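Coordinates in review
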Amino acid sequence: MQGQSTPAPEPSRKRRHLRGTALTLALGAVMFTVGAVGLAPTGFTEGGKPSHSAAAGRGSVAALQERVRALPKDPAGWAALGMAYVQQARATADPATYDRATSALRTSLRLQPSGNHQAETAMGALAAGRHEFRGALDWAEKATVSNPYSPSAHGVLADAYIQLGRYQDAYRSVQRMVDLRPDSASYARASYTWELRGDQRRARDLMNRSLSAAGTPGERSFARTHLALLALENGDPRTALTHADAGLREAPRDSALLEVRGRAHAALGDADQAVRDYTSAIAIAPLPHYLLGLGELQQSLRRPGHAEAQYTILRAQEQIRGASGGPADVDAILFEADHGDARKAVTMAAETAAARPFVAVHDAYAWALHRAGRDTVALEHAHQALALRTRSALFHFHRGMIHQSLGHTAQARDDLRQALAIDAHFHPLHAPEARNTLSRIDGTA
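**Overview of the overall build of the protein chain**
Scanning the protein chain from terminus to terminus reveals 23 helices and zero strands. The 445 residues of the protein chain split such that 59% are buried. For the protein chain, the share of sequence-separated contacts (at least 6 apart) that also reach a separation of at least 24 residues comes to 59%. Carbon and sulfur atoms form 51% of the exposed surface of the protein chain, whose accessible area is close to 17,100 Å².

Now the structure itself:
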């Protein structure tokens, strides 16, 4: 991918025809699959970045259910319904909806066993939603063989590559997606690849292009959410608030916009409004990173009972996940490391890293090992978390604290300063800890 992923020349007539017959999984109704046409990248926090409004997902599901009732032998209709269920599951944090997605997609594949790139792409998105990224890769590879000109299939392929640590392959897949269809979804994915590499300017420019190209409320919400996140990650909560407010005027029940607005209010010192926004987001979709964010905010406000209420829900969610046998997500590992049993967090992280060697997983693994007193091996994973030069205050904080425990004072100072330079309010508990540790290092405490 060169520069800002300049679109390639218009495809040939044959390629245009094939592209037109592809399933369009729009960016907007799901966290990474919107409406029924297009995919945005699996992102940084769990699931990939924030989910979108459950209401949009319910609307598309209802319409597609009616479609398959009218045309029960249409494999594309069942594939679109399956993708809409994936979207709904990500938006509502309801894992049972994934079972409905599986049923719909199996019906599509039964009706058209071969060459069914719509269902194959959707099966890849379903596997990714369940954090089964090797399965997602298999399905996406099938989809790109069935239809090499499907941008959505290349998007799912890129998601799987990223989570499996195959970053160069992911960059090529995203470039292919942009070349095939330079639209809101492909620009959003391209933005994320530059964010991973620490180039916030390119990431922001491409996400602005995604916003300009957006044709649906869901696409606009997605772009606004990520522009707000990019602003927060650069220590600019006022710009984040502007983007969140603009998005919420159009989509007032978008949980991702509410959560990011809560983070912006917290950074600006309006804790009460931050709590209200987090609470509203959780009422729509009790996603783990919302619950953890609100719990740690309440803990920072010295409201232990309110914090524990969120942690209780998180523990219940983790019990359900554990019973299913799936790998833990990053939020669950960090929660266990900071608020539970660090040794258990290490076990969880080891299992997840084996299946998903993504930078955020290495960061969580490093922190779990640090909390368990295993700093030497923790440092190895902390280095891997920052190997792409990702601009993350949290990653630098974690590595800085590991360096400090190992007696690497100069390196600890550098990482902690970098964390606070990126975002002085990156975490309600860890940002103050970073400042206090720096004061001790510098002898001013």
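Next, the rest of the story.
**Digging into the side chain of Gln 298**
Tracing the chain through its elements places Gln 298 in helix α15 (residues 288-300). Not counting the four nearest positions on each side in its chain, Gln 298 is found in contact with Val 275, Arg 303, His 306 and Ala 307.

**A closer look at the pattern of salt bridges**
Enumeration according to the criterion identifies 20 salt bridges in this entry. Across the pair Asp 338 and Arg 371 runs a salt bridge, and its minimum N-O distance is 3.5 Å. With Asp 338 in helix α17 (residues 330-339) and Arg 371 in helix α19 (residues 359-371), the pair connects residues that are 33 residues apart, well separated along the chain. For Asp 338, a relative accessible area of 18% corresponds to the buried category. Close ionic contact of Asp 442 with Arg 417 constitutes a salt bridge, the shortest N to O distance being 3.6 Å. You can see Asp 442 sitting in helix α23 (residues 430-442) and its partner Arg 417 sitting in helix α22 (residues 409-422), a full 25 residues away along the chain.

**Thoughts on the packing of helix α14 (residues 271-284) against α15**
Between α14 and α15, the shortest axis-to-axis distance is 10 Å and the interhelical angle comes to 155°. Here α14 is positioned roughly antiparallel relative to α15, judged by the angle of their axes. Of the two elements, α14 crosses α15, and the hand of that crossing is left-handed. Note on element contacts: α15 touches α14 through Tyr 290, Leu 291, Gly 293, Leu 294, Leu 297 and Gln 298, opposite Ala 271, Ala 274, Val 275, Tyr 278, Thr 279, Ala 281 and Ile 282. Tallied by class, the residues present in the contact of α14 with α15 amount to ten nonpolar, three polar and no charged.

**Some remarks on unusual backbone geometry**
One non-glycine residue with positive phi stands out, namely Arg 302, at about 60°. Mapping Arg 302 onto the fold places it in the loop between α15 and α16 (304-324). A positive phi angle, close to 70°, is found at Arg 389, a residue other than glycine.

**Here we look at the packing of α15 against α16**
Packing of α15 against α16 leaves a shortest axis separation of 7 Å and a crossing angle of 155°. It follows that α15 is roughly antiparallel to α16 by the angle criterion. The interaxial crossing formed by α15 with α16 has left-handed handedness. Counted together, Pro 288, Leu 291, Leu 292, Leu 294, Gly 295, Glu 296, Gln 298 and Gln 299 of α15 and His 306, Ala 307, Gln 310, Tyr 311, Ile 313, Leu 314 and Gln 317 of α16 form the full contact between these two elements.

**A short note on the confidence of the model for the protein chain**
Of the residues in the protein chain, 86% have a pLDDT of 70 or more, and the chain-wide mean is 87. Confidence over residues 1-40 falls short of pLDDT 50; this stretch has 148 contacts with residues more than four positions distant or in other chains. Throughout residues 42-57 the model reports pLDDT below 50, and contacts reaching past four residues in sequence, or to other chains, amount to 79 contacts.

**Points about the nonpolar core**
One finds Leu 81, Phe 358, Phe 397 and Phe 426 to be the most contacted residues of the largest nonpolar core, which totals 81 residues. Ranked by size, the runner-up nonpolar core spans 21 residues in total, among them Ala 256, Val 275, Tyr 278 and Phe 335.

**Some points on the packing of aromatic side chains**
Tallying each qualifying case throughout the model produces three aromatic pairs. An angle of 45° between the planes, with centres 5.5 Å apart, marks the rings of Trp 367 and Phe 397 as tilted. In this pair, Trp 367 is assigned in helix α19 and Phe 397 in helix α21 (residues 393-405), connecting sequence segments 30 residues apart. For the residue pair Trp 367 and Phe 397, the accessibility class agrees, reading buried in each case. On the numbers, 5.7 Å between centres and 45° between planes, the contact of Phe 397 with Phe 426 is tilted. Taken together, the residues span a long stretch of sequence, with Phe 397 in helix α21 and Phe 426 in the loop between α22 and α23 at a distance of 29 residues. Accessibility classification places Phe 397 together with Phe 426 in one group, the buried group. Aromatic ring contacts, followed pair by pair, group Trp 367, Phe 397 and Phe 426 into a single cluster. In this arrangement the basic side chain of Arg 197 is found over the ring face of Trp 194, its NZ or CZ atom lying 3.7 Å from the centre.

The rules behind these values
Residues numbered from 1 in each chain as written. Predicted model: local features only at pLDDT ≥ 70, side-chain atom pairs only at ≥ 80, totals over all residues. Heavy atoms only, no water. Helix = DSSP H or I, 4+ residues; strand = E, 2+ residues; numbered from the N terminus. Buried < 20%, exposed > 50% of the residue type's maximum accessible area, 1.4 Å probe, protein only. Contact = heavy atoms within 4.5 Å. Areas by Shrake-Rupley, 256 points an atom, 1.4 Å probe, with all protein chains shown as cover. Salt bridge = Lys/Arg side-chain N within 4 Å of Asp/Glu carboxyl O. Axes fitted to C-alpha atoms, helices over the stretch in contact; angles between N-to-C directions. Parallel < 35°, antiparallel > 145°, perpendicular 65-115°, else oblique. Left-handed = near helix turned anticlockwise from the far one by under 90°. Nonpolar A, V, L, I, M, F, W, Y, C, P; charged D, E, K, R; others polar. pLDDT = per-residue confidence, 0-100. Core = buried A, V, L, I, M, F, W, Y, C linked by side-chain atoms within 4.5 Å. Phe/Tyr/Trp six-rings, centres within 6.5 Å; stacked < 30°, edge-to-face > 60°. Lys NZ or Arg CZ within 6 Å of the ring centre and 35° of its normal.

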